[in-house]
Amino acid sequence: MATVHLRIGDLVWGKLGRYPPWPGKIVSPPKDLKKPRGKKCHFVKFFGTEDHAWIKVEQLKPYHAHKEEMIKINKGKRFQQAVDAVEDFLKKAKGKEQNSDGKGDSKGKKAHSKPLKILEEDDEDLSALKDPSEKDLTDSDPEPSTIERLGAGPGSGFKWESSPVKDDPHFHHFLLSQSEKPASSMEPISKRLKIIEEDTGSTSIQAADSTAVNGSITPTDKRIGFLGLGLMGSGIVSNLLKMGHVVTVWNRTAEKCDLFIQEGARLGRTPAEVVSMCDITFSCVSDPKAARDLVLGPSGVLQGIRPGKCYVEMSTVDPETITELSQVITSRGGRFLEAPVAGSQQLSNDGMLVILAAGDRTVYEDCSSCFQAMGKTSFFLGEAGNAARMMLILNMVQGSFMATIAEGLTLAQATGQSQQTFLDILCQGQMASTFVDQKCQNILQGNFKPDYYLKHIQKDLRLAISMGDMANHPTPMAAAANEVYKRAKALDQSDNDMSAVYRAYIH
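All values derive from a computational prediction rather than experimental measurement. (Residues numbered from 1 in each chain as written. Predicted model: local features only at pLDDT ≥ 70, side-chain atom pairs only at ≥ 80, totals over all residues. Heavy atoms only, no water.)

Undergrad: Even after reading the chapter, I still don't get the packing of aromatic side chains, so can you show me in this structure?
TA: Note on aromatic pairs: each is described by the distance of the centres and the angle between the planes. Counted according to the given criterion, the structure contains 11 aromatic pairs. Judged by centre distance (5.1 Å) and plane angle (20°), the rings of Trp-13 and Tyr-63 are stacked. Of the two residues, Trp-13 is situated in strand S1 (residues 11–14) and Tyr-63 in helix H1 (residues 63–73); the sequence distance between them amounts to 50 residues. The class of Tyr-63 is buried, set by a relative accessible area of 1%. Put simply, the rings of Phe-226, Phe-282, Tyr-364, Phe-371 and Phe-380 pair up and form one aromatic cluster. (Phe/Tyr/Trp six-rings, centres within 6.5 Å; stacked < 30°, edge-to-face > 60°. Helix = DSSP H or I, 4+ residues; strand = E, 2+ residues; numbered from the N terminus. Buried < 20%, exposed > 50% of the residue type's maximum accessible area, 1.4 Å probe, protein only.)

Undergrad: Is there a simple way to explain unusual backbone geometry in this structure?
TA: Peptide bonds are mostly trans, and most non-glycine residues show a negative phi. For Ser-299, which is not a glycine, the phi torsion comes out positive at approximately 55°. Its location among the elements puts Ser-299 in the loop between helix H8 (288–296) and helix H9 (301–304). Looking at Ser-299, the relative accessible area reads 31%, which means it is partly exposed. Look at Asp-492: it is not a glycine, yet its phi comes out positive at around 70°. Checked against the element boundaries, Asp-492 lands in the segment after helix H18 (476–490). The class of Asp-492 is exposed, set by a relative accessible area of 69%.

Undergrad: Would you take a moment to explain the packing of helix H14 (residues 386–414) against H18 for this structure?
TA: Two packed helices can be described by the angle between their axes and the distance between those axes. Close contact between H14 and H18 brings their axes to 9 Å; oriented N to C, the two are set at 60°. Classed by the angle they form, the pair H14 and H18 counts as oblique. The handedness of the crossing between H14 and H18 comes out as left-handed. Two secondary-structure elements touch here, H14 through Met-396, Gly-399, Ser-400, Met-402 and Ala-403 and H18 through Met-477, Ala-478, Ala-481 and Tyr-485. When the residues that make up the contact of H14 with H18 are grouped by side-chain class, the tally is 7 nonpolar, 2 polar and no charged. (Axes fitted to C-alpha atoms, helices over the stretch in contact; angles between N-to-C directions. Parallel < 35°, antiparallel > 145°, perpendicular 65-115°, else oblique. Left-handed = near helix turned anticlockwise from the far one by under 90°. Contact = heavy atoms within 4.5 Å. Nonpolar A, V, L, I, M, F, W, Y, C, P; charged D, E, K, R; others polar.)

Undergrad: Teacher, can you tell me more about the side chain of Glu-313 here?
TA: Looking at the element boundaries, Glu-313 is found in strand S15 (residues 310–313). Of the side chains with opposite charge, Lys-459 comes closest to the buried, unpaired Glu-313, at an N-O distance of 9.6 Å. (Lys, Arg positive; Asp, Glu negative; His and termini not counted. Salt bridge = Lys/Arg side-chain N within 4 Å of Asp/Glu carboxyl O.)

Undergrad: Help me understand the pattern of salt bridges in this model?
TA: When the charged atoms of two side chains lie near each other, side chains of opposite charge can form a pair. Applying the stated criterion to the full structure yields 14 salt bridges. Of the charged contacts in the structure, one is a salt bridge between Asp-88 and Lys-92, with a shortest N-O distance of 3.7 Å. Here Asp-88 pairs with Lys-92, and both are found in helix H2 (residues 77–102), just 4 residues apart, close to one helical turn. Lys-92 sits in the partly exposed class, given a relative accessible area of 36%. Here Lys-455 ties to Asp-495 by a salt bridge, and the two come within 2.7 Å at their closest N and O atoms. Here Lys-455, found in helix H17 (residues 454–470), pairs with Asp-495, found in the segment after H18; they are 40 residues apart in sequence, far enough to count as distant. Take Asp-495: its relative accessible area is 45%, and that puts it in the partly exposed class. Counted as one network, the salt bridges with shared partners bring together Arg-335, Asp-360 and Asp-366.

Undergrad: Mind showing me how you'd approach the pairing of S1 here?
TA: The two faces of a sheet get side chains in turn, since along a regular strand they alternate between them. Neither face of S1 is left uncovered, since the one carrying Leu-11 and Trp-13 and the one carrying Val-12 and Gly-14 both have all their residues buried. With 4 bridges connecting them, S1 and strand S2 (residues 22–26) associate as antiparallel partners. What sits directly across from Gly-14, in S2, is Trp-22. Pairing of S1 with strand S5 (residues 60–62), which is carried by 3 bridges, proceeds in the antiparallel orientation. Directly across from Val-12, in S5, lies its bridge partner Pro-62. (Pairing = 2+ DSSP bridges.)

Undergrad: I keep staring at H18 and nothing clicks. Help me out?
TA: One turn of the α-helix equals 3.6 residues, which is why residues spaced by three or four share an orientation. Over its 15 residues, H18 extends 21 Å from the first C-alpha to the last, a length consistent with the 21 Å expected when each residue adds 1.5 Å. When H18 is considered as a whole, its buried residues turn out to be Ala-478, Ala-481, Asn-482, Val-484, Tyr-485 and Ala-488. Around the axis of H18, the buried residues are gathered within 165° of arc, so they sit on the same side. What points out from H18, more than 90 degrees from its buried face, is the exposed set Pro-476 and Ala-490. Against H14 and H17 lie the buried residues of H18. Just downstream of H18, Asp-492 is the residue with a positive phi angle, here 70°. (Expected span 1.5 Å × (residues − 1). Arc of directions from axis to C-beta.)

Written out as structure tokens, the structure is:
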């Protein structure tokens, strides 16, 4: 396959870390901005965002040659807006070209365009690549970074603005946000969040910009602590570090901290020490008992709490545990927020969790950059305990659904039907989802590597059923599913993925 040579002005698809491929244009960087040493890369300005980045050559593809492929695999609204911006840019460029052709040499002579120098690995200043005859992008050409939608109708166009790149102390992450106006990550959280008032009077807050789309995060200058490096906690901490946060970690099994120390985290010897060293401390442990022990036990969180210290409980526990922890933390002058997360190990690793928060609203706002790093969306649900209630309901539905899918797969087998055909049909209907496809494929392959522990989904079902009892609300479906998970646990499936509930039906 022939090597594709790219140059300044080329439209490309750029892949940056865990973010999806995004349309952009290779441009000249500011003269005082040097190429990272040892990396063969181009400076790309992305359409539909406020972002620039140095992108390695192997992570770039020509725009036109791969347009259909990228459109098939990316369906998001903002992605489509970015593609529309590219097409609008091309139309304007074509219009300029036609106008200049009409005013060309009367003798019909063709103008020769000098070939541009191709970027080499030892080039230190990308401005050397620029053709002398090429206009400076900041003079009159539209720039794809600051696009404003005009109007709300489907026929509305884009207004293009250009602005100089500003210095960014976090450029070590190979991302540079720029705009004359503050970038979304620099604005107060109240301006960057979409607020939805519900009939209940509680407020849900949803991040208007998905971190996975624009990747532009200015990490808080507050010192962050994190307790618990399990399936979910490990991915969360990794993303906090990647986005430039200063993180101190602790885990009951100390060896789990080693990898994160290598990535730049600091080590705390006890939960109390972590809390005393940090401004905001997060915890993510397995169940209510572990959450209480972490706070109230020897050298626990409570011993490190001082006035102004923030504690964020991310474990999925019952509302009563949250109320108890909130009371003891605030009694010492601390500030408390609960923030359980909806997702899996994979979503945690990808920074695509959904965060449900409740409690001290100011702590929620202080955690803005952390929540952007670890998740795609966050909701603020009012007083402490509401997030625990909502999370248990969500996991009750998910656990019951997983048990039903397992029941369907085994019934198909028992009646002589193809399980693969059952899955193929399921994934073409209204219940099609990544969750269904991945869980069923893993079952058919006998792969029960944990993405969400079976013992934890059973614990969530048990707590949801108890919550229903306290509210005098029937939960017969959850109760039936809970019995199937209890049987799976008796078959030694506790530490496997929740999809191992399948084995309760075949033994």
